[in-house]
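# Report on the structure
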There are 4 protein chains.
Amino acid sequence: MSKAKSILVEHGIEIPFHNRMDFCVGTGRMGLALHKEYYEQLKLVQNVIGFKHIRGHGLFCDDMAICQSYEDECGKQVFEYNFTYVDRVMDSYISLGLRPFLELGFMPEKMASGNQTVFYWKGNVTPPKNYNDWTAMVQALLHHLIERYGKEDVLQWPIEVWNEPNLKSFWKDGDMQEYFKLYEYTALAVKEVNPAFKIGGPAVCGGTDKIWIRSFLEYVRERKLPLDFITRHHYATFLPEKSGHYEYTKLHDLKESFKLLETTREIVDSFDEFCGMDIHITEFNTSYVPNCPLHDTNLNAAYTAAMLSLLGDKHASYSYWTFGDVFEEKGVPFTTFHGGFGMVANGCIPKPTFWTFAFYKQLQGTCIHRSEEAIIVQLPDGNYRGILWNMDVNYTDEPLELEIKLPSKHADYCLISKTVDEECCNPLKLWHDMGEPANLSTEQIALLKEHAVPLIKLESMVSTELEIDISFKLKPNAVIYFELKKVERKSDRGYSYERILKGEK
Amino acid sequence: MSKAKSILVEHGIEIPFHNRMDFCVGTGRMGLALHKEYYEQLKLVQNVIGFKHIRGHGLFCDDMAICQSYEDECGKQVFEYNFTYVDRVMDSYISLGLRPFLELGFMPEKMASGNQTVFYWKGNVTPPKNYNDWTAMVQALLHHLIERYGKEDVLQWPIEVWNEPNLKSFWKDGDMQEYFKLYEYTALAVKEVNPAFKIGGPAVCGGTDKIWIRSFLEYVRERKLPLDFITRHHYATFLPEKSGHYEYTKLHDLKESFKLLETTREIVDSFDEFCGMDIHITEFNTSYVPNCPLHDTNLNAAYTAAMLSLLGDKHASYSYWTFGDVFEEKGVPFTTFHGGFGMVANGCIPKPTFWTFAFYKQLQGTCIHRSEEAIIVQLPDGNYRGILWNMDVNYTDEPLELEIKLPSKHADYCLISKTVDEECCNPLKLWHDMGEPANLSTEQIALLKEHAVPLIKLESMVSTELEIDISFKLKPNAVIYFELKKVERKSDRGYSYERILKGEK
Amino acid sequence: MSKAKSILVEHGIEIPFHNRMDFCVGTGRMGLALHKEYYEQLKLVQNVIGFKHIRGHGLFCDDMAICQSYEDECGKQVFEYNFTYVDRVMDSYISLGLRPFLELGFMPEKMASGNQTVFYWKGNVTPPKNYNDWTAMVQALLHHLIERYGKEDVLQWPIEVWNEPNLKSFWKDGDMQEYFKLYEYTALAVKEVNPAFKIGGPAVCGGTDKIWIRSFLEYVRERKLPLDFITRHHYATFLPEKSGHYEYTKLHDLKESFKLLETTREIVDSFDEFCGMDIHITEFNTSYVPNCPLHDTNLNAAYTAAMLSLLGDKHASYSYWTFGDVFEEKGVPFTTFHGGFGMVANGCIPKPTFWTFAFYKQLQGTCIHRSEEAIIVQLPDGNYRGILWNMDVNYTDEPLELEIKLPSKHADYCLISKTVDEECCNPLKLWHDMGEPANLSTEQIALLKEHAVPLIKLESMVSTELEIDISFKLKPNAVIYFELKKVERKSDRGYSYERILKGEK
Amino acid sequence: MSKAKSILVEHGIEIPFHNRMDFCVGTGRMGLALHKEYYEQLKLVQNVIGFKHIRGHGLFCDDMAICQSYEDECGKQVFEYNFTYVDRVMDSYISLGLRPFLELGFMPEKMASGNQTVFYWKGNVTPPKNYNDWTAMVQALLHHLIERYGKEDVLQWPIEVWNEPNLKSFWKDGDMQEYFKLYEYTALAVKEVNPAFKIGGPAVCGGTDKIWIRSFLEYVRERKLPLDFITRHHYATFLPEKSGHYEYTKLHDLKESFKLLETTREIVDSFDEFCGMDIHITEFNTSYVPNCPLHDTNLNAAYTAAMLSLLGDKHASYSYWTFGDVFEEKGVPFTTFHGGFGMVANGCIPKPTFWTFAFYKQLQGTCIHRSEEAIIVQLPDGNYRGILWNMDVNYTDEPLELEIKLPSKHADYCLISKTVDEECCNPLKLWHDMGEPANLSTEQIALLKEHAVPLIKLESMVSTELEIDISFKLKPNAVIYFELKKVERKSDRGYSYERILKGEK
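Quick caveat: nothing in here was measured; it's all calculated off a predicted structure.

Rules of the game
- Residues numbered from 1 in each chain as written.
- Chains lettered and ligands numbered in written order.
- Predicted model: local features only at pLDDT ≥ 70, side-chain atom pairs only at ≥ 80, totals over all residues.
- Heavy atoms only, no water.
- Helix = DSSP H or I, 4+ residues; strand = E, 2+ residues; numbered from the N terminus.
- Rg over C-alpha atoms; globule rule 2.2 N^0.38 Å.
- Buried < 20%, exposed > 50% of the residue type's maximum accessible area, 1.4 Å probe, protein only.
- Contact = heavy atoms within 4.5 Å.
- Areas by Shrake-Rupley, 256 points an atom, 1.4 Å probe, with all protein chains shown as cover.
- Lys, Arg positive; Asp, Glu negative; His and termini not counted.
- Charge placed at Lys NZ, Arg CZ, Asp CG, Glu CD.
- UniProt positions renumbered as here; feature names shortened; annotations may be inferred.
- Axes fitted to C-alpha atoms, helices over the stretch in contact; angles between N-to-C directions.
- Parallel < 35°, antiparallel > 145°, perpendicular 65-115°, else oblique.
- Left-handed = near helix turned anticlockwise from the far one by under 90°.
- Nonpolar A, V, L, I, M, F, W, Y, C, P; charged D, E, K, R; others polar.
- Least-squares fit on C-alpha atoms with pLDDT ≥ 70 in both.
- Pairing = 2+ DSSP bridges.
- Buried area = accessible area lost by both parts, 1.4 Å probe.
- Salt bridge = Lys/Arg side-chain N within 4 Å of Asp/Glu carboxyl O.
- Polar contact = N/O pair within 3.5 Å; in protein donor to acceptor, adjacent residues only side chain to side chain.

### Considerations on the overall build of chain A
Regarding its fold elements, chain A presents twelve helices and 26 strands. Taken against the 2.2 N^0.38 rule, which gives 23 Å for 505 residues, the C-alpha radius of gyration of chain A at 25 Å falls within 12% of a compact globule. For chain A, the spread of C-alpha atoms along the principal axes amounts to about 100 × 55 × 45 Å. Split into buried and exposed, the 505 residues of chain A put 65% on the buried side. Taking the intrachain contacts of chain A between residues at least 6 apart in sequence as the baseline, contacts between residues at least 24 apart amount to 75%. In the structure as shown, chain A presents an accessible area of about 18400 Å², 49% of it carried by carbon and sulfur atoms. Within chain A, the 71 negative side-chain charges are centred at a point lying 3 Å from the centre of the 54 positive side-chain charges.

Given below as structure tokens:
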């Protein structure tokens, strides 16, 4: 069985569409940014896609070594700061054209009021023993960054206070009032360093977000605290089921899932003071666990294509969690394809979702069509670009035939298409067919990389007086990028492609 | 319509097959080896395929600047030799793992007896004014090479005297006796430098080869001259027809074409003294003109696959003419795809034939099947590798279905296939669809490179108790490489690929 | 014996100084730009120095293959143009951040009225048979460049008509009137393509320049021809003496030499219409032969340092002839160090003069001192940079001691110096000590590169209330670059450099 | 004041000397081998020096994530092993031409009997709760390595049990009997995997080594345990004094220091069963703390030069602790130059000691001189290589003049010297003069790298009938490498270096 749809774009049409997919991307904890494998995956991502900011946890965790102390002559503990690793990480980001979206957290052990930790890597999630020590450290860091990287640059780095404090696992007791206190101390301290810094919160995940965001805004309003943007997260799967090292789950219906996002916008806009304020989705993905095989599939790529067509409507940015699979929240992965969050698998193998982002990066211009399976833009030069997908959330396994009519005057065209589907670009399947080797050999990596690329096709086309017709057949979970470019055809003296095709002497 | 064949390989079978495709490759004139584009194409070829020797014309042409002279105090012309460019070229070859197959020619102007030249780049093809000056130069060069690169290395470089002297355009009047004189002087001079050098000739093209080779061997026998191997060329197309900058032609029937090759072997073996002597085909290709669009096609790749399955039977080597499209014999090409000899088009774009060579490079092991559309080997570890092709010389446009049964005991396999056909890897078509741009932009080159790669697929397979069955469908002019590898399948604790496929939570 | 000088810079001083050393650099003929060695040398030059334009001969010579022709059905010769190599060269330049300074010449053989050639590489120097064919070719080239590289970019590429037509060897009979005709046809044709192109001439060498420039300007004025700038060349040595492959010579006194340059400025300014018009020195160097060992010496570096301190005073640019030693005007060099024009020797070895340019590239800011041995600038941040030299034209072998007092308030400084002299950075001597090997081994190249770098030293300094004193001792022909930077000294807790020096436990 | 010495080498002399400096090098804990900065430092070390093995702590520490566990259905803890990071580290080593010298330790938390830890990075130093769990893990690792890297390779990797168990900080209570138990269990388990593995211990530091080694050997003898080599460490400084983040100390007298090493040899040789057995110094350096500024000095380079001339006499290898400054035992360093163990400072800046190793790597051939300031070898081709040093342990600041006479027949020579001293190659001083910046900018790193290289000089020399005389002046703590190579001097036609020097026209 097969689905079929027609898309007819009329001349002069224009559809609101904000492509902000490259504003920010997520990462495993800061300390992992020292890794070579991390760097290489990020370099691939930046070379092909190119994000502006990067956001991750663990800036103040002990492996980053910022917070140090010694006893002075009187036996008093004196804090001092070590920026060796911070600088190494920031240098590395900047060398790749990236800037941080600073998430302030978690708590250095020396400053922590308790010893509750989160994750395999044990981030301390308790409030500071002394809030002034905390703000002194935050300020020292910001002063240091400004000194090293320049005010002009550093003031553009957004700052977010903590991560998902509405969850008990991320913030002791999920204590809302304590978080507000943290926000207050921190925001005031940041603005004291320089009022031009942009700061926001409360970085909540879905679920309890309604209460938290309303209460947070009320608190901020009441205390006249600085606030430049609101942040929240977005995931789109049901509760997963565990089996061994892995967790399996199903995707939400996309529309249902987006309704949950609208509440935040509504709450924010209900405040006169905050109406229209930027909302950054500082994390999003399909599943929220880093051992969910779904992340490695073509379905994930197709679902993400659909999400990216919509997320810019109400959000200043949306940061895919995460760029790569160097990640340790549930421990070090046992195998290459383990359902990690990343667009890139270990070994620098792009997953299908990587290409969804690479394709969206090309979507500049005026949007002229957006539907549940396609988005098309027109460039100032009249050429077209589009992304098509055949998301198969319900495992129906049906291909999709798309007929597209676009306005054009009589002209010669070249139709470029890049296809990522379960047949032509499915590294997960290849790896499975190889026997699911835990760690890959050089040859296996090479083969996977050769395979994990879009299938490129070109076609010569001619438009009629009014329109040009193109058509595509999308396999289940296919994502296709196309460009329709006017070309001037001219053959060199004596050259005949037709003669070659026919083998005429 | 579609053709279908079955291949049944029985246990224990062994077929004589000599895979010598990587012994030597051809190149445009030596002076072009100084070019950056040349180097990059050759680097690509060496990285992916890896030849041992390289042979081209023009070593002694004036752009290589070897032969210089000045007047001494008495006004006498004194020859001196400049090895600056020779060294630069040899250094470059060696850095890429290559050694020359030295072709001695053409004539430096200062030594030439006439001014007849060949090619756009004007190689002088007349005998030396003074044979002693010629041999002095040859000896000086060999001494210099030994000093710079070491005896052990240089003595392994085969030496061939001149190129296609049976053609008037390559050797004044096609004068056979004069060539024999050249050979005699040169061979003796070379052996004087070191008797361990291997020297051969007469480097003739097809057509008049019978008379030439017989006469040459008689001359050598009579004069007791050194001779280590015989050389000739092989092309497989009819007389081309010209149109503007291009020449169009048709391929010979492969079997007919190979008959022409057998005569040389027979003639050589008819001499007691030379029976069994190595014959090197120092040039081969489909068409013998560098502006024949056929070279850029998938048909060329399929035809070459067929040739490579056979050429080793009677020849010590066969050197594809040429590795790349930096070439000027008929002038500088006007466009990127211009029907050049190369496996690689300008811009470092691999043509389909490039992959035929890349695939053959993998064919180590024992040959267990060879037919008109397939060759299969078995490795010592029991795994299989094969190359399949569907050569469509008559433009019938029929696909080919191949069923292959290979001996095996019950085992898990992974079937890797790499397909190059007119749909998935056809850079010529892409370039045509782009509008046949003369010189490519960076973006166009990138797109062509992304496309001009084999399509990689993998499949999990299980053999029966006795055999394993695999099947392929080859589009017209497809060339497919496959590997059938035993794998040990083991999944990590909790990992289920089936569960992912079904989307079970 | 030793010379000593004091330099006292008072507060607030400002000296006119135009550092235009990076506007343009010279190159061997265009066809050589296809070479790999050429590219690597140019890449080194661009990485370390960074020029904006590049100018060389031979754009229309036959190895660039632009001018082609065929016979049409009526047997008439039709010209057609091949831009394959032009594009390859321009792509390469642009990839290195360079743009051409287009020199239009020499004559394609198919268009030439005679067969007089210049150089080992045989550039045809006769007028066109038909001036309209010539201008058609020039226009076709410009149209093509605009199409490929964009109007915005290409219109910034200066255009010069021919090279040194005042010499019989470069222009048949040195025929002035014929050159004016060439200029007239060419300039009008160029402006027809786009009036925004900047065009100039007459590209004369010294000697007969007075008559030529005056007559040229009169001609241009009379015929109301377009003219955007005047060009001439400048060399600074006496007639060389030949010995074998080499030519030896002595340097002019620098001041005398500069007087010869002033005449051009005076002549130009004597015309109301051209007063103040830009003069580009489209070639300069010490000696004007490419086999003059002087070019490889530290003396050449010191003399060039002196020239660069002055050339900007009256000239819009001055283009060092040439960036590298891939050059064939007198034939292919027999050895690595052969007195070539280049800043870089074959093998990518920087010569001393390379560093003179690298140092001048750093001289941004306000000039506060210029003398016969030094030039010093102050940056907006108050730091200083300077270049010092001890040019030993008369081979007196005396060192030079320089005391420099610069204005400053009490501050901590770091004095960075980079020294290039006959002891620490003299690759010519190393090569000589190696035994003057013609072509270098990889190991020899590595050793030469390790040596051919400036000696780096740093020093901690403190200024008094009013000034800071620094001093240098320059060996003969030394060139020293220094930076005097304010630093904030702060040691980490417990760190004591003094303690380390004394070895205190 | 200045010291002067003469070295006279007579013909035919031969001195026993074993240059085993490249057998092994030390590293910070295994987990750091995932870092990019670590990789780049190691790559520099391998490119220039090239070690065969690498040894460091922390293979089984939790950041390597090998030891994992889960509860089975019955609630029983089941151990499982994760080799993701091990493989990544080993792949990285192998890509750099290195193999591990496996040190088995410390204790994974899940297996540990206590919670005592060592270092900032908290390596657990308690015995296993269950020795069988420990040996199962060791065996699983070895089986895995063999499977991945091949038996042939992995069996060449030496295995050492634990690190410095004679210190309470490294092994709970410094309990000797418990260590013997650990050794026994481990050695037997290793040999069970494959008897060809080479295993050793007891990896003790100096001080208590006498008792430990004797008792260890007695235990091994009595229990007939496998033992392939003995290991110990060697440091050469007095107890350091602390100040802030740093520790200052003085060097032992070299001879005294070496006496301490002899005891081990004597003890081992006193056992019939072990007499002559290989002793590996699995760690050596000057100071044993990673925050001792001495490590960054030229004195350290000179002292190491002296040590390397002697260490091979009685030891199968001696592993410099460590190759680079990515190291965390006392925490993350606050500044670039912090007295780390490494040959390379963070930012990939080679320290003086780096060059000592680079120089020793060239010392192949027959030793013909060894003294307190020099070691000289002769190569089979008759050329000489040597290393000279002027170790200034007592801070006398005296230069050293060395006159060296070497046997030779009349021949032309080229004397190459590479000097590392406090003036020409002293990055510590440069960094100090820069103001001791904690973390370096790209420009500062570039400047330090330009400086931190040996000064290269060449000289032409001629020997007399019998000998050749060379002389050197060594600044305090200078280390000089020289090569004295025969050269054949020949100048190209017309080339005269003397004429250039004199500036003759």
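### Re the UniProt feature "active site" (unreviewed entry) in chain A
Residues and elements named next belong to chain A. The positions UniProt marks with the feature "active site" (unreviewed entry) are E164. With respect to the helices and strands, E164 occurs in the loop between β10 (159-161) and α5 (176-193). Its relative accessible area of 6% is what places E164 among the buried residues. In contact with E164, other than residues within four places in its own chain, are F170, A203, V204, C205, H233 and E283.

### Some thoughts on the packing of helix α7 (residues 254-269) of chain B against helix α8 (residues 298-310) of chain B
Residues and elements named next belong to chain B. Running from N to C, α7 and α8 point in directions that differ by 40°, and their axes come no closer than 11 Å. Judged by the inter-axis angle, α7 sits oblique to α8. For the pair α7 and α8, the crossing hand works out as right-handed. Between α7 and α8, the residues in contact are L254, S257 and F258 and Y303, A306, M307 and L310, respectively. Of the residues that constitute the contact of α7 with α8, the class distribution is six nonpolar, one polar and no charged.

### Quick notes on the relation of the copies chain C and chain D
Each copy of the sequence occupies a distinct position, and chain C is placed on chain D by a rotation of 180° and an axial shift of 0.0 Å, giving an RMSD of 0.0 Å. The superposition operator between the copies reduces to a two-fold rotation axis. The position closest to the rotation axis in chain C is occupied by the C-alpha of L455 of chain C, lying 4.0 Å away. An overlap of 100% is found between the interface residues of chain C and their copies at the interface of chain D, pointing to a shared contact surface.

### Concerning the pairing of strand β26 (residues 479-486) of chain D
All names here are of chain D. Across the eight residues that make up β26, a large majority, six, are buried. In this structure, strand β21 (residues 384-389) lies alongside β26, joined through six bridges in antiparallel fashion. Residue Y384 lies in a different strand from β26, and its bridge partner there is L484. One ladder, built from eight bridges, connects strand β23 (residues 412-420) with β26; its direction is antiparallel. Opposite K418, over in β26, you have Y481 as the bridge partner.

### Concerning the interface of chain A and chain B
Counting from both sides, the interface comprises 59 residues of chain A and, opposite them, 58 residues of chain B. Across the chain A/chain B interface, buried area totals approximately 5300 Å², and carbon plus sulfur atoms make up 55% of it. The interface formed by chain A and chain B contains six salt bridges. With a shortest N-O distance of 3.2 Å, R499 of chain B and E241 of chain A are connected by a salt bridge. Our enumeration of links across chain A and chain B arrives at 31 residue pairs in polar contact (both at pLDDT 80 or more). Among the elements of the structure, β13 (241-243), β14 (246-248), β23 (412-420), α10 (427-433), α11 (442-451), β24 (455-462) and α12 (497-502) of chain A are those that each provide at least two residues to the side of chain A that touches chain B. Here the residues of the side of chain A that touches chain B sort into 25 nonpolar, 14 polar and 20 charged.

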